[in-house]
Amino acid sequence: MMEENEDLSLTKGDYEEESFRLHMVTWNVATVDPPDDVSLLLHLNSPKGPDFYVIGLQEVCSQPLRFVSDIAFDDPWSHLFMSTLAPRKYVKVSSIRMQGLLLLFFSKLEHVPFIRDIQATYTRTGIFGYWGNKGGVSIHLSLYGHMLCFLNCHLAAHMKYATERVDEFEYIMDTQTFDCKKAPRILDHRLVFWFGDLNFRIQDHGMHFVRSCINNQTYNLLWSKDQLIMMKKKEQVLQEFEEGPLDFQPTYKFDLNSDAYDSRHYRTWFAFNGKKRKPAWTDRVLWRLRPKAPPPDEQDENKLGLDEKKVKQLEEDEEYPLKIRQDLYTSNMEYSISDHKPVISVFTLELRKMYETPLVHLQAEGDWSADIDSIVLYSPLQPFPSSTWDWIGLFKVGFTSVSDYITYTWVKDDEVAFNDEVMQVYVSKEEIPVQGGVCVLGYYSSTLRCIIGISEPFKVHESQVAIEEGLVPERINELDKTVANEDLWN
């Protein structure tokens, strides 16, 4: 694993660039149930945890009965990742599922109020565009003001369909749109990540040569015949995407529960033949940083021909720089439940924040317990598009996602006049947990589709009435005990 630099911060005037660590996973899971432990996949034992996790899966089981249950409840893969990361203070900010394609975005709690304008969409490309076994799912968001897009794809299979894979990718790029003036299309984003089971193969080289290169770890001898690398030389849209060197074993195709490449004989219409699937780097992670502005002498001339949006974009890029560095790009051989191995990529994003203040300040007023109605104080710190559909949720520390609230109250309906700057809403005592625990408050903006303010953690006391009546166990649950002794923000 590559070592990251100790200090990536740069100073320019009164602004300072900060670095954030992003851990990405792509894995075709071949419809199997998740393993018991994903610690190695998420590098949970690493001395420095990432700020964000992005996990893209393909071929998640989508049989009719399973898919219906997954709609009503979290699918087993999402549940595993949420239950693993929540105690480490990561929140699932967004997710999207299209049949077998699943995309999850997790953030450390401290960043959640600064991840805004969250949208997700999908595009089908299977069976003439009507079936979702192939296609792309994406999450669009603003991270401290910088527009990012994460696109998880599963493209057409088989050696001979390289051109079709590029066509599918271009179709996904052309059709996916977002309700956002700054970045209505994928390529409008400041930074795009494209990853998944892209299904590009190693052509021309025979099986013996490919396996010999793998055994000798001379992967570079295979690069010139990797279809994606070959396609990048002639497809303009692909040339804008960068990828780290493929200095790891091809991730497809393996025998199940094994580290051995495909050894099966495949049945033809008339008999058996001995042809096996040739190993390939089907599972990839690429990125595209929006092209920089032209040099100063050219820029003044070019601005005359640019529209107002483009000029603002160039000025914003100069004032709020964004840089990216790939620290790790590898396959993980420890997992053998699928015929694909997962691919991990770790990035450092270095950026200058466009804002550092949450939109809303929240505070729990007085003592909280299930014995009395409680009061939430909140005040807008900056203008934002408020709505009657905005709400304030009560969450236990260690909550998994925005929907994992204990209770909520509508901002407008229960609002009580306090003064011009600070407003208050009541939370009914019937909605407060009898056992108590360590909690936070979160203000959810329906317009921005995200939490825009989080309170400091506070103690909800056990109900004295319930204790006297013998309704409360002497101990609160293990999650409360574990997290209550830790520092929430670090």
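Refer to the preceding data block for the structure.
Here the structure is a predicted model, which is why all the values come from computation and not from measurement.

Would you explain the nonpolar core in this entry?
Taken as a class, soluble globular proteins show a tendency for nonpolar side chains to be buried jointly. With 81 residues, the main nonpolar core has Phe150, Phe193 and Trp368 as its most contacted residues. For this core, the element with the highest residue contribution is strand 21 (residues 437-445), accounting for six residues. Once you skip the residues sitting within four places of it in the chain, Phe193 turns out to touch Leu22, Met24, Cys149, Phe150, Leu151, Leu286, Trp287, Ile324, Phe347 and Leu349. The next biggest cluster of nonpolar side chains, apart from the first, holds 24 residues, and it includes Tyr53, Phe81, Leu85 and Leu328.

Would you mind showing me how to read the packing of aromatic side chains here?
For any pair of aromatic rings, the description consists of the separation of the ring centres together with the inter-plane angle of the planes. Using the criterion set out here, one finds 29 aromatic pairs in the structure. Ring plane angle 75 degrees and centroid distance 5.7 Å describe the contact between Phe169 and Phe241, whose orientation is recorded as edge-to-face. With Phe169 in helix 4 (residues 162-175) and Phe241 in the loop between helix 8 (236-239) and strand 11 (283-289), the pair connects residues that are 72 residues apart, well separated along the chain. With respect to class, Phe169 is no different from Phe241; both count as buried. Put simply, the rings of Phe20, Phe52, Phe105, Phe114, Tyr144, Phe150, Phe193, Trp287, Phe347 and Tyr355 touch in pairs and so form one group of aromatic residues. It is Arg116 that lies over the ring of Tyr355; its NZ or CZ is 4.0 Å from the centre. Lys341 extends its terminal NZ or CZ atom over the ring of Phe254, reaching a point 4.8 Å from the ring centre.

Looking at this structure, I do not really get the pattern of salt bridges. What am I missing?
Where charged atoms of side chains with opposite charge meet at close range, the side chains can pair. Under the criterion given, the structure shown has 14 salt bridges. Here Glu18 and Lys353 are joined by a salt bridge, their closest N and O atoms 3.3 Å apart. Taken as a pair, Glu18 in strand 3 (residues 18-28) and Lys353 in the loop between strand 13 (343-351) and strand 14 (360-365) lie far apart in primary sequence, 335 residues in all. In this structure Glu18 comes out as partly exposed when scored by relative accessible area, which is 28%. The class of Lys353 is buried, set by a relative accessible area of 15%. Between Asp339 and Lys253 there is a salt bridge; the shortest N-O distance is 3.1 Å. With a gap of 86 residues between them, Asp339 in the loop between strand 12 (322-331) and strand 13 and Lys253 in the loop between helix 8 and strand 11 connect regions that are remote in the sequence. Residue Asp339 shares its accessibility class with Lys253, and that shared class is buried. Several salt bridges converge on common partners, so that one network encompasses Arg21, Arg325 and Asp327.

Help me understand the sheet that holds strand 5 (residues 90-98) in this model?
Strand pairing in a sheet is mediated by backbone hydrogen bonds. Such pairs are either parallel or antiparallel. Spatial strand order, 5-6-4-3-13-12: six strands in an open sheet with mixed pairing. Each of the sheet's edge strands pairs with one partner strand only, and the pair in question is strand 5 and strand 12. Averaged over all pairs of adjacent strands, the angle between strand axes in this sheet comes to 15 degrees, irrespective of strand direction. Examined bridge by bridge, strand 5 and strand 6 (residues 101-108) share eight bridges and lie antiparallel to one another. Residue pairing across strands places Arg97 opposite Leu102, the latter belonging to strand 6. Docked against the sheet, helix 3 (residues 76-85) engages strand 3, strand 4 (52-58), strand 5 and strand 6, running at close to 10 degrees with respect to strand 6.

Thresholds, definitions, all that
Residues numbered from 1 in each chain as written. Predicted model: local features only at pLDDT ≥ 70, side-chain atom pairs only at ≥ 80, totals over all residues. Heavy atoms only, no water. Core = buried A, V, L, I, M, F, W, Y, C linked by side-chain atoms within 4.5 Å. Buried < 20%, exposed > 50% of the residue type's maximum accessible area, 1.4 Å probe, protein only. Helix = DSSP H or I, 4+ residues; strand = E, 2+ residues; numbered from the N terminus. Contact = heavy atoms within 4.5 Å. Phe/Tyr/Trp six-rings, centres within 6.5 Å; stacked < 30°, edge-to-face > 60°. Lys NZ or Arg CZ within 6 Å of the ring centre and 35° of its normal. Salt bridge = Lys/Arg side-chain N within 4 Å of Asp/Glu carboxyl O. Pairing = 2+ DSSP bridges. Axes fitted to C-alpha atoms, helices over the stretch in contact; angles between N-to-C directions.

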